[in-house]
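The lines below spell out each chain.
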2 protein chains.
Amino acid sequence: MKQNRRRFISTSIALGAGVAASALPLPKPNQKKVLIHHVFFWLKNPSSKEDLNKLIAGLKTLKGIETVRQIHIGVPASTEKRDVVDNSYSASEILYFDNLAGQKVYQDHPIHKKFVDDCSGLWEKVIVYDAVDV
Amino acid sequence: MKQNRRRFISTSIALGAGVAASALPLPKPNQKKVLIHHVFFWLKNPSSKEDLNKLIAGLKTLKGIETVRQIHIGVPASTEKRDVVDNSYSASEILYFDNLAGQKVYQDHPIHKKFVDDCSGLWEKVIVYDAVDV
């Protein structure tokens, strides 16, 4: 009986997690093989607060894509200046996907295409790093 | 009865999450002002599986630092080749901190210093991007 209850609870937790994941872009902490898409943007006019805000607003639309599990939009932190630290970029995004297929859906998604159409005129350089957890 | 069972399950899920959060450095999803420390490493011998494994083993020790809230260690994903994608790096880490102070504790921590001592001979280039959520 106790065992059955435990099994029932575990299943319920698993199901509960499933429901939450589909309703919200929740993180999958330290999930094996999660795909992380890092992008760093350098604006054409790095001193334009208006351009930065436009870019950030565009980046925020990306969380509407159903395969995006977690999103972080950032700007350079005021950490210690060191030779290895590149703080010349204007904005960054980190998107988490379950797998390669999720990333492909994102690349081809109308929301992503609209973001590129609306915002690509703002930046002069982009670097993308795609990493898979080991 | 059904309602009671539901309530019991919800509580169990909440408790389960609580226990996990105190036992592990779990992420704080989309937490305001979280500091994300991205590091990309290029090995001197990029074809050496042994060197890569040594670096990854070293990176894994960093989760022992108490201010590290989340850690992802990765290698390049096999996403589509595009001009903007840099997949030339050997390994990556993403560390999450609550704030600048947490990142400073990490920089000065004996575990981090030991990692640098043990592994810095393996890499020829490192790029660090520190970002703070907007």
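Thresholds, definitions, all that
- Residues numbered from 1 in each chain as written.
- Chains lettered and ligands numbered in written order.
- Predicted model: local features only at pLDDT ≥ 70, side-chain atom pairs only at ≥ 80, totals over all residues.
- Heavy atoms only, no water.
- Helix = DSSP H or I, 4+ residues; strand = E, 2+ residues; numbered from the N terminus.
- Buried < 20%, exposed > 50% of the residue type's maximum accessible area, 1.4 Å probe, protein only.
- Contact = heavy atoms within 4.5 Å.
- Buried area = accessible area lost by both parts, 1.4 Å probe.
- Salt bridge = Lys/Arg side-chain N within 4 Å of Asp/Glu carboxyl O.
- Polar contact = N/O pair within 3.5 Å; in protein donor to acceptor, adjacent residues only side chain to side chain.
- Least-squares fit on C-alpha atoms with pLDDT ≥ 70 in both.
- Pairing = 2+ DSSP bridges.
- Core = buried A, V, L, I, M, F, W, Y, C linked by side-chain atoms within 4.5 Å.
- Phe/Tyr/Trp six-rings, centres within 6.5 Å; stacked < 30°, edge-to-face > 60°.
- Expected span 1.5 Å × (residues − 1).
- Arc of directions from axis to C-beta.
- Axes fitted to C-alpha atoms, helices over the stretch in contact; angles between N-to-C directions.
- Parallel < 35°, antiparallel > 145°, perpendicular 65-115°, else oblique.
- Nonpolar A, V, L, I, M, F, W, Y, C, P; charged D, E, K, R; others polar.

Draft legend 1. The overall build of chain A, seen in detail. Helix and strand content of chain A: 4 helices and 4 strands. Secondary structure of chain A in N-to-C order comes out as α-β-α-β-β-α-α-β. Of all 134 residues assigned to chain A, the portion counted as buried reaches 46%. The long-range share in chain A, meaning contacts at least 24 apart out of those at least 6 apart in sequence, stands at 77%.

Draft legend 2. Geometry of the interface of chain B and chain A. Contact with chain B, which involves 50 residues of that partner, is made by 48 residues of chain A. Of the roughly 4100 Å² buried where chain B meets chain A, counting both sides, 63% is carbon and sulfur surface. The interface formed by chain B and chain A holds 0 salt bridges in total. Inspection of the region where chain B meets chain A yields 19 residue pairs in polar contact (both at pLDDT 80 or more). When residues of the side of chain B that touches chain A are traced back to their parent elements, those giving at least two are helix H1 (2-23), strand S1 (35-43), helix H2 (49-61), strand S2 (70-76), strand S3 (91-97), helix H3 (100-108) and strand S4 (123-133) of chain B. The element that contributes the greatest number of residues to the side of chain B that touches chain A is S4(B), accounting for 8 residues.

Draft legend 3. Molecular detail of the relation of the copies chain B and chain A. At an RMSD of 0.0 Å, chain B and chain A line up after a rotation of 180° and a shift of 0.0 Å along the axis. Taken together, the rotation angle and the small translation identify this as a two-fold axis. Mapped onto chain A, 96% of the interface residues of chain B are again interface residues, and the two copies thus contact each other with one and the same surface.

Draft legend 4. How the structure looks around the pairing of S2(B). With 6 of 7 residues buried, S2(B) lies mostly within the body of the structure. In this structure, strand S4 (residues 123-133) of chain A lies alongside S2(B), joined through 3 bridges in antiparallel fashion. Looking at the pairing, A:Asp133 lines up with B:Gly74 of S2(B). Across 5 bridges, S2(B) lies against S3(B) in antiparallel orientation.

Draft legend 5. Up close: the nonpolar core. Residues A:Leu55 and B:Leu55 are the most contacted members of the largest nonpolar core, which totals 54 residues. Not counting chain neighbours up to four residues away, the residues in contact with A:Leu55 comprise A:Phe41, A:Leu43, A:Ala91, A:Phe115, A:Cys119, A:Leu122 and A:Trp123.

Draft legend 6. Broad picture of the pattern of salt bridges. Residue and element names in this part refer to chain B. Counted under the stated rule, the structure contains 6 salt bridges over all chains. Across the salt bridge formed by Asp 118 and Lys 114, the nearest N and O atoms sit 2.7 Å from each other. Highlighted residues: Asp 118 and Lys 114, both in helix H4 (residues 110-119), separated by 4 residues, approximately one helical turn.

Draft legend 7. Main features of the packing of aromatic side chains. All names here are of chain B. By the definition in use, this model includes 19 aromatic pairs over all chains. Judged by centre distance (5.2 Å) and plane angle (75°), the rings of Phe 40 and Tyr 89 are edge-to-face. Of this pair, Phe 40 sits in strand S1 while Tyr 89 sits in the loop between S2 and S3, and the two are 49 residues apart along the sequence. You can call Phe 40 buried: its relative accessible area is 0%. Since its relative accessible area comes to 3%, Tyr 89 is described here as buried. Judged by centre distance (6.2 Å) and plane angle (85°), the ring pair of Phe 41 and Phe 115 falls under edge-to-face. Of this pair, Phe 41 sits in strand S1 while Phe 115 sits in helix H4, placing them 74 residues apart in sequence. The class of Phe 115 is buried, set by a relative accessible area of 4%.

Draft legend 8. A look at H2(B). Residues and elements named next belong to chain B. In this model, H2 (13 residues) spans 19 Å end to end at C-alpha, consistent with the 18 Å of a helix rising 1.5 Å per residue. The set of residues buried in H2 consists of Asp 51, Leu 52, Leu 55, Ile 56, Gly 58 and Leu 59. Along the axis of H2, the buried residues cluster in a sector spanning 160°; they form a single face. The outward face of H2, more than 90 degrees from its buried face, is lined by the exposed residues Lys 49 and Glu 50. Looking at the buried side of H2, the elements it contacts are S1, S2, S3, H4 and S4.

Draft legend 9. Spatial organisation of the packing of H2(B) against H4(B). Residue and element names in this part refer to chain B. One way to put it is that H2 packs onto H4 with a least axis distance of 9 Å and a crossing angle of 170°. Classed by the angle they form, the pair H2 and H4 counts as roughly antiparallel. Judged by residue contacts, Lys 54, Leu 55, Gly 58, Leu 59 and Thr 61 of H2 engage Ile 111, Phe 115 and Cys 119 from H4. Looking at the contact of H2 with H4, its residues break down into 5 nonpolar, 2 polar and 1 charged.

Shape is all these values report; function is a separate question.
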